[in-house]
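# Structural description and commentary
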Amino acid sequence: MTKRQIEIFTANCPLCDETVRTVQELACSNCEVLVYDLRLSQEQQTYLAKAEHYGVQSVPAIAINGVLVLTGKPTRDQLLAVGVGQPLN
């Protein structure tokens, strides 16, 4: 079964941390959650290039299956509306 890839771009801020927790709580077994902390120096260039590719201009930001879908702190309803926690058809 294909997994829904959820990428979260963060900068080690309280809103980012809360967003990561909420996504992880909602994620189902068909969700792969990846967190990219743009402040980590070791991976920073890779993460920044990925963020630039998606057009991320603020954090937290969430991409699902390669498409930027939300920026800023999302509500649970917004996350559910974009497919977090729901298996792919």
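To start, this report covers the structure provided alongside it. All values reported here derive from a predicted model rather than from experimental measurement. (Residues numbered from 1 in each chain as written. Predicted model: local features only at pLDDT ≥ 70, side-chain atom pairs only at ≥ 80, totals over all residues. Heavy atoms only, no water.)

This paragraph deals with the sheet that holds strand S3 (residues 61-64). The strand order S2-S1-S3-S4 describes an open sheet built from 4 strands, whose pairing is mixed. Both edges of this open sheet fall to strand S2 (31-37) and strand S4 (67-71), since each of them pairs with a single strand only. Ignoring strand direction, the axes of neighbouring strands in this sheet form an average angle of 25°. Pairing geometry for strand S1 (residues 4-10) and S3, over 4 bridges, is antiparallel. In the sheet register, Glu7 faces S3, and the bridge partner there is Ala63. Lying on the sheet, helix H1 (residues 14-26) is in contact with S1, S2 and S3; it crosses S1 at an angle near 165°. (Pairing = 2+ DSSP bridges. Helix = DSSP H or I, 4+ residues; strand = E, 2+ residues; numbered from the N terminus. Axes fitted to C-alpha atoms, helices over the stretch in contact; angles between N-to-C directions. Contact = heavy atoms within 4.5 Å.)

Let's shift gears to the environment of Phe9. Summarising the element assignment, Phe9 is placed in strand S1. By relative accessible area, which is 0% here, Phe9 ends up buried. Put simply, Phe9 and Gln86 are 77 residues apart on the chain and 20 Å apart in space, counted from C-alpha to C-alpha. Apart from the residues within four sequence positions on either side, Phe9 is in contact with Tyr36, Leu38, Tyr47, Lys50, Ala51, Tyr54, Val56, Val59, Pro60, Ala61 and Ala63. (Buried < 20%, exposed > 50% of the residue type's maximum accessible area, 1.4 Å probe, protein only.)

As a further point, take the pairing of S4. Regular strands place their side chains on alternate faces of the sheet. In the sheet, S3 pairs with S4 via 4 bridges, with the strands oriented antiparallel. Looking at S4, one finds that Ile64 is bridged to Val67. Counting the residues between successive antiparallel strands, the hairpin from S3 to S4 contains 2 residues, one of them, Asn65, with a positive phi of roughly 50°.

Going through the model one piece at a time under the given rule, you end up with 3 salt bridges. With a closest N to O distance of 3.2 Å, Glu7 and Lys50 form a salt bridge. One end of the pair, Glu7, is in strand S1; the other, Lys50, is in helix H2 (residues 44-54), with 43 residues separating them in the sequence. (Salt bridge = Lys/Arg side-chain N within 4 Å of Asp/Glu carboxyl O.)

Bear in mind that shape data such as this cannot, by itself, settle questions of function.
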